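As a plain string of letters, each chain reads:
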Amino acid sequence: MPAFETLLSPVILFFVLGVVAAAARSDLSVPEPLAKALSLYLMAAIGLKGGVQVAKAGFTPQLLQASLAGMLLSFALPLLAFALLRAFARLDRLNAGAVAAHYGSVSIVTFVTASDALTRAGMAPAGYMVAVMALMETPAVITGLLLARGSGTLTGGQRGKLLREVLLNGSVVLLLGSFLIGLAIGEQRFEAVAPVFVTGFTGLLCLFLLDMGLIAMRRLRESRALSWRMAALGIALPLVNGAIGLAVAALLGLDPGTGAALAMLATSASYIAVPAAVRMALPDADPGIYLSMSLAVTFPFNILVGIPLVLQLGPAVLG
Amino acid sequence: MPAFETLLSPVILFFVLGVVAAAARSDLSVPEPLAKALSLYLMAAIGLKGGVQVAKAGFTPQLLQASLAGMLLSFALPLLAFALLRAFARLDRLNAGAVAAHYGSVSIVTFVTASDALTRAGMAPAGYMVAVMALMETPAVITGLLLARGSGTLTGGQRGKLLREVLLNGSVVLLLGSFLIGLAIGEQRFEAVAPVFVTGFTGLLCLFLLDMGLIAMRRLRESRALSWRMAALGIALPLVNGAIGLAVAALLGLDPGTGAALAMLATSASYIAVPAAVRMALPDADPGIYLSMSLAVTFPFNILVGIPLVLQLGPAVLG
Amino acid sequence: MPAFETLLSPVILFFVLGVVAAAARSDLSVPEPLAKALSLYLMAAIGLKGGVQVAKAGFTPQLLQASLAGMLLSFALPLLAFALLRAFARLDRLNAGAVAAHYGSVSIVTFVTASDALTRAGMAPAGYMVAVMALMETPAVITGLLLARGSGTLTGGQRGKLLREVLLNGSVVLLLGSFLIGLAIGEQRFEAVAPVFVTGFTGLLCLFLLDMGLIAMRRLRESRALSWRMAALGIALPLVNGAIGLAVAALLGLDPGTGAALAMLATSASYIAVPAAVRMALPDADPGIYLSMSLAVTFPFNILVGIPLVLQLGPAVLG
Amino acid sequence: MIQTFKRKRIDILVDAPLCDWLIEQAGEAGIAHHSLLPVHSGLGRTGAWRDDDGYGAVPKRMFVVVTNEQKVEALIERIAPDIERYGLVITIFDVEVIRGERF
Amino acid sequence: MIQTFKRKRIDILVDAPLCDWLIEQAGEAGIAHHSLLPVHSGLGRTGAWRDDDGYGAVPKRMFVVVTNEQKVEALIERIAPDIERYGLVITIFDVEVIRGERF
Amino acid sequence: MIQTFKRKRIDILVDAPLCDWLIEQAGEAGIAHHSLLPVHSGLGRTGAWRDDDGYGAVPKRMFVVVTNEQKVEALIERIAPDIERYGLVITIFDVEVIRGERF
Ligand SMILES: Nc1ncnc2c1ncn2[C@@H]1O[C@H](COP(=O)(O)O)[C@@H](O)[C@H]1O
Ligand SMILES: Nc1ncnc2c1ncn2[C@@H]1O[C@H](COP(=O)(O)O)[C@@H](O)[C@H]1O
Ligand SMILES: Nc1ncnc2c1ncn2[C@@H]1O[C@H](COP(=O)(O)O)[C@@H](O)[C@H]1O
Ligand code: NA
Ligand code: NA
Ligand code: NA
């Protein structure tokens, strides 16, 4: 059973361990600097690997197509999410816009975990998907803010500051920077650093997901603002967005692995870059809502259900 | 000379470097999040490896026997320690109970360093010893508290909280959790994470022991509460407990490596999990006493003398 | 083009990424405990490797000669720097002495990056250069202080405290300690830890240099005290000192790699150990000056220009 | 001019393993909210400690609460028997706050 | 005896992503200098949080300023409309300082 | 009602490399105990700094002492000549403590 197989990977099991430990209120915790170190490492590693792969494969029209499609998805997905959040979860305009921004953007860890599983299943996504992910991180924030407040309410200074926050966000810079470094050095010069960035990758990902399990569950426990309608959307939105992502992948004629990765990007919701930007730009929106939905509902759902699903659907739809 | 050989290992020499640096009042220090990161890593690594080995070797009656023996030792060793602490070190009931709890429990780092040395000497302990260690961490706390205060003095609420603290302690959860993950994934799926959890192990252990050397020596320098009688017991107790552990191992018919590991567990004293529990449950006991004895006396003694000793005695007694 | 080649290494490109990110005011940052962890790791790694190499190659007269030459350089280079800082940069006695101390001492990261490049170019420096580096860290502080204040102004107690700070500085202790450990264990016992300390080295160096790029650029941005004359000397001093270092290497008849490494030590300026000592001993000197010159000007200059230069000049002069 | 209100701030240096106990005591004294600051190192009658020691009972936190006088008194009343043996270092001082109803 | 001067200290608990905004407001109120202390964890109306959570909007800092009464008032005046929605916890108290001209 | 005592608290922002010096000065002023809090970042006349910079002389600590007025004065007296050049930011304020004999 491939789905069951995915769940038996050490990466996923460490996530489950984190969830269980936090649910049992164990005092197990991952110090914040270690979590931050691991995420810097993961971003540098996937950026580099993606760049090296593109250096090898060369620029293809699909790289451009996927980039454009990714950015479009990031701009557009919040629209549908917004409508559902208003109608079904009964959120006000402000909070619906704030949440929508998260669902248009992406979760790097979800992508990385999915790539790892796809690669292990013999469907490694194309290297350029890392760049696509970096490009998808931020457009959704713009749509989300416009939905929440209308364009008129931002002064020029605020808009500039927000754009800077969103474009020069640390993870965007590190992902794209490492991607360019990978491009520049190519496969041969990459060898000297491969032991750290390739060989060590899956093991370190285990520790990172242990932390994510702890954090997601702790957040769920502190989620006073989360209604069952919001929780339900936290599961429905990734399914809807993932289906759209898969359809776009089919339209572009992407191979199964690459298309599955695009679907996972559409499916996933940001819980690092976007919350910080939204807290700044929409201070009246309730962080308890958007963090709980993306981090405590959608993220675990994607790790435990979304990835196995896409591993099945990818080859079925795109194979 | 095997004993001398053990001391020449980089792991032990980094411990010595830490001790020397702290003794010379160098400002060398290991940032706390790194120390915590390394200990999370070590626990995940040994848990995983133990589980994978048991997945391979299958459940044996000895697994059960050793687990039961370990828990019994953890419950019982504090009794003897308590008597000696009262009679020889002249501690009051409260402090004697507090210290006794530490000596019934175990030091993960001592176990890990001993396993490393045993493995290098061709006597790798059985994988299940990691589970035995996790099971030995906490029973001693219960005995220690009963000795210190009598059972009557704990309200039901306090007892429940203490039990939770002791059972859901982060290191117990991570050790047993990783052990179960190792069991579930088995040898083949472990390969993807082996570069981090196996290949990197000894090198990272060096950095960890550098930190332990610094900490143990700094603690010794700040040990105003430590009398020579306590210091002497800090050396006598591990010898006595280790001998008992070795005898139990012989009774169970364990192989030399596994038996030596059980002896090291009996020998070692906790300085992470138990002090935190005792500080909470016995706030009137003096942390200066129990921390100094276990961390500043027994731990270095075990690393520098206990491990070489057990490397000799293990095959001699159990071979 | 070897020079261009050097710049294309991932290590250097991550440094450039850090510089660019900080210049663009991205919020990318490396948590301080990770930076400290990486620097502990790098020092332990190069210390060990140096020691193991000397264990293999045996003690040679050149080891002694290079050690003496290094210490002499460290004592003497501040004199020339002081004169130039007074005359050209128009610094007062106090600040000129403070800055001079930095230029006589060494930058560990510059040395490590240069060694990495030299090794890749087939000119690995001799193992003992690590010990030479450790010996060069501190004499310059003494010269710098004497220049800044004259010997009369230090009380005996202050002098003792300063000497302790300078001799027992964490990086000196860790470098020499690891070197001695490497010497003691030799090549065979080193194997168990080589995966961490050798195989992982270049990859982790990338992350470290990413951080250094961020820090150097942020420091440059905050450098209100930096005049163009000081900035010019931040480039001229490493050139002058490097030339002197190369000349000494030629006098000693060192091989190209070892000589190039000695030149890089002369070239580089301290920005970790010396600033802390100087802040303590010369509190009236302006940290804005000495930190900006060594960290924001000389360090990047050495990484981007100094190392490629020495890769060319080393074999040309010493080959 | 924005109106300010007189309240009390109470800062308590407390061993990390005792934080849960203190939070519980505060809760029972009617103090529902608090913040905890990290502490780097210190020196007391029992010697020097630092956060880097990382093991056992030693690391400390600074428990910070903004509240009214009655609640401070209720908290002090509750923990009085334990102040000495838990080694708490308590400072209470007058502060002005903006949102009087919150504290 | 060294002369001391009466000044104000203002400590503000603020979400890390809002620090830049607060620093800017302080600047416009004439407060050019400040320090930020890390905060380990806390409990408020919106539940518990801890620095270890590491993600999203939650971590807090303690913004600390030593300055004179007018500047404190100017800052409070400026941020008053946002105190509630940004969840700021503000305490102002009297302190003595040594270098009166600096603060 | 538990009795409280009037004491002083003195908080000093100080460069990390100067902590040992300050602790020594405090000791000679009769102040045997203290705590040090970490500081995350700051902005002063000499520009911005942050703990993440990690190198050189910049990181700061907050030295916190609870003690009586005489000892505060003795400490201030001792360090007065160095306050300016060491860039110390000192605040002294009145606090109530519980165990009067300790501070
Ligand atoms: N007067 C004081 N001012 C500030 N911190 C103190 C004071 N007394 C004790 N402490 C802190 O409390 C810790 C424990 O103190 P003690 O219980 O006396 O060993 C010390 O290490 C300091 O961190
Ligand atoms: N009265 C208080 N005293 C100290 N800290 C507080 C107080 N109220 C709130 N906080 C801090 O501010 C955070 C957010 O509070 P809230 O906005 O009520 O959720 C809490 O998690 C605490 O860290
Ligand atoms: N008025 C102030 N309030 C709070 N912190 C300050 C103040 N002035 C200076 N600081 C802190 O002291 C550091 C050094 O200040 P300066 O010596 O003016 O550069 C700053 O970066 C701040 O962290
Ligand atoms: Na998405
Ligand atoms: Na034991
Ligand atoms: Na130099």
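Residues numbered from 1 in each chain as written. Chains lettered and ligands numbered in written order. Predicted model: local features only at pLDDT ≥ 70, side-chain atom pairs only at ≥ 80, totals over all residues. Heavy atoms only, no water.

Student: Which residues make up the relation of the copies chain B and chain A, and what values go with them?
Tutor: Overlaying chain B with chain A gives an RMSD of 0.0 Å, the required rotation being 120° about an axis along which the chain moves by 0.0 Å. When the rotation and shift are considered jointly, the pair of chain copies conforms to a three-fold rotation axis. Among all residues of chain B, the one whose C-alpha sits closest to the rotation axis is P33(B), at a distance of 3.8 Å. Different-surface contact between copies: only 4% of interface residues of chain B are shared with the interface of chain A. (Least-squares fit on C-alpha atoms with pLDDT ≥ 70 in both. Contact = heavy atoms within 4.5 Å.)

Student: I'd like a description of the coordination of the sodium ion (ligand 6), backed by residues and values.
Tutor: Reference values for coordination geometry: four tetrahedral donors around a metal ideally subtend 109.5 degrees, six octahedral donors ideally subtend 90 or 180 degrees. Protein-derived ligands of the sodium ion (ligand 6) are Y103(C) (O), S105(C) (O), L265(C) (O), A266(C) (O) and S268(C) (O), with the metal-ligand distances lying across 2.4 to 2.8 Å. The sequence pattern formed by the donor residues of the sodium ion (ligand 6) is Y-x1-S-x159-L-A-x1-S. (Donors = N, O, S within 2.8 Å, 3.2 Å for Na, K, Ca; no water.)

Student: Please set out the pattern of salt bridges residue by residue, giving values where relevant.
Tutor: Tallied over the entire structure, the rule returns 40 salt bridges over all chains. For D116(A), the salt bridge is made with R120(A), and the minimal N-O distance between the two is 3.4 Å. Of this pair, D116(A) and R120(A) both sit in helix α6 (residues 108-120), four residues apart, roughly one helical turn. Relative accessible area serves as the criterion here: at 13%, D116(A) is assigned to the buried category. For the salt bridge of K8(E) with D94(E), the shortest nitrogen-to-oxygen distance reads 2.7 Å. (Salt bridge = Lys/Arg side-chain N within 4 Å of Asp/Glu carboxyl O. Helix = DSSP H or I, 4+ residues; strand = E, 2+ residues; numbered from the N terminus. Buried < 20%, exposed > 50% of the residue type's maximum accessible area, 1.4 Å probe, protein only.)

Student: Account for the coordination of the sodium ion (ligand 4), naming residues and giving values.
Tutor: Residue and element names in this part refer to chain A. Ligation of the sodium ion (ligand 4) by protein atoms is provided by Y103 (O), S105 (O), L265 (O), A266 (O) and S268 (O), these donors lying 2.4 to 2.8 Å from the ion. All donors of the sodium ion (ligand 4) come from a single chain, and their spacing in sequence reads Y-x1-S-x159-L-A-x1-S. Of this pair, S105 sits in the loop between α5 (93-104) and α6 while L265 sits in helix α14 (residues 256-267), placing them 160 residues apart in sequence. What makes S105 buried here is its relative accessible area of 0%.

Student: Can you tell me about the site of ligand 1, naming the residues and giving the values?
Tutor: Taken together, 17 residues sit near ligand 1, with R45(D), T46(D), W49(D), S35(F) and V66(F) positioned nearest. Around ligand 1, the nearby residues trace back to chains D and F. A distance of 2.7 Å separates an oxygen atom of ligand 1 from a polar atom in the backbone of R45(D). About the coverage of ligand 1: the protein hides 96% of its 480 Å² of free accessible area. Broken down by secondary-structure element, the contributors of at least two residues to the shell around ligand 1 are β3 (41-44) of chain D together with β2 (34-38) and β5 (60-67) of chain F. (Near = heavy atom within 4 Å. Polar contact = N/O pair within 3.5 Å; in protein donor to acceptor, adjacent residues only side chain to side chain. Areas by Shrake-Rupley, 256 points an atom, 1.4 Å probe, with all protein chains shown as cover.)

Student: Please provide a residue-by-residue account of the interface of chain B and chain A, values included.
Tutor: Across the contact, 23 residues belong to chain B and 27 residues belong to chain A. Of the roughly 2100 Å² buried at the junction of chain B and chain A (both faces included), carbon and sulfur atoms supply 76%. When the buried area of chain B at its contact with chain A is split by residue, L40(B), I181(B) and R189(B) rank highest and sum to 24% of it. Scanning the region where chain B abuts chain A turns up zero salt bridges. A total of nine residues in the side of chain B that touches chain A trace back to one element, the largest contributor, which is helix α10 (residues 170-190) of chain B. (Buried area = accessible area lost by both parts, 1.4 Å probe.)

Student: Talk me through the pairing of strand β4 (residues 47-50) of chain E; I want residue IDs and the actual numbers.
Tutor: Residue and element names in this part refer to chain E. With four bridges connecting them, strand β3 (residues 41-44) and β4 associate as antiparallel partners. Bridge pairing in β4 links L43 to A48. Between β3 and β4, which pair antiparallel in sequence order, lie two residues. (Pairing = 2+ DSSP bridges.)

Student: Any chance you could break down the interface of chain B and chain D for me, citing the residues and the numbers?
Tutor: Taken together, the 25 residues of chain B in the interface contact 20 residues of chain D. The contact between chain B and chain D buries some 1800 Å² in all, and 51% of this surface belongs to carbon and sulfur atoms. The largest contributions to the chain B side of the interface with chain D come from E32(B), R218(B) and R279(B), which together make up 29% of the buried area. The tally of links between chain B and chain D comes to two salt bridges. Taking the shortest distance from any N to any O, the salt bridge between D15(D) and R279(B) comes out at 2.5 Å. If you look at where chain B meets chain D, you find four residue pairs in polar contact (both at pLDDT 80 or more). Those elements giving two or more residues to the side of chain B that touches chain D turn out to be α3 (32-57), α12 (201-221), α15 (273-281) and α16 (287-318) of chain B. Here the side of chain B that touches chain D takes six residues from α12(B), the largest share from any one element. Grouping the amino acids of the side of chain B that touches chain D by side-chain chemistry returns 15 nonpolar, one polar and nine charged. (Nonpolar A, V, L, I, M, F, W, Y, C, P; charged D, E, K, R; others polar.)

Student: Summarise the confidence of the model for chain D; cite the residues concerned and give the values.
Tutor: Scored by pLDDT, chain D has a mean of 91; 95% of the residues are at 70 or more. For this predicted complex, the interface confidence reaches an ipTM of 0.91, while the overall pTM sits at 0.92. (pLDDT = per-residue confidence, 0-100.)

Student: Explain the nonpolar core residue by residue, including any values.
Tutor: Across soluble globular proteins, nonpolar side chains have a tendency to be buried as a group. Counting 264 residues, the largest nonpolar core has F197(A), F197(B) and F197(C) as its most contacted members. Leave out the neighbours within four places in its chain, and F197(B) touches G203(A), C206(A), L207(A), Y41(B), A44(B), A45(B), L48(B), K49(B) and F190(B). In this structure, A98(A), V141(A), F93(D) and V39(E) belong to the second largest nonpolar core, which totals 68 residues. (Core = buried A, V, L, I, M, F, W, Y, C linked by side-chain atoms within 4.5 Å.)

Student: Tell me about the site of ligand 3, and please be specific about residues and values.
Tutor: Lining the immediate surroundings of ligand 3 are 17 residues, of which S35(E), R102(E), R45(F), T46(F) and W49(F) lie closest. Those residues lying near ligand 3 are distributed over chains E and F. The separation between an oxygen atom of ligand 3 and a polar side-chain atom of S35(E) is 2.8 Å. Separating an oxygen atom of ligand 3 from a backbone N or O atom of G44(F) is a distance of 3.3 Å. Here ligand 3 loses 96% of its free accessible area of 480 Å² to cover by the protein chains. Elements with a minimum of two residues in the shell around ligand 3: β2 (34-38) and β5 (60-67) of chain E together with β3 (41-44) of chain F. Taken together, the residues of the shell around ligand 3 sort by class into eight nonpolar, six polar and three charged.

Student: Lay out the arrangement of the chains in plain terms, naming residues and giving numbers.
Tutor: At the level of C-alpha atoms, the two units chain A and chain D stay apart, their nearest approach being 11 Å. A minimum C-alpha distance of 11 Å separates chain B and chain E, which share no contact.

Student: Quick rundown of unusual backbone geometry? Include the residues and the values.
Tutor: Residue R90(B) is not a glycine yet carries a positive backbone phi of 60°. Examined against the element boundaries, R90(B) turns out to sit in the loop between α4 (61-87) and α5 (93-104). Judged by relative accessible area, R90(B) falls into the exposed class, the value being 61%. Within the chain, R25(C) stands out as a residue other than glycine whose phi angle is a positive 60°.

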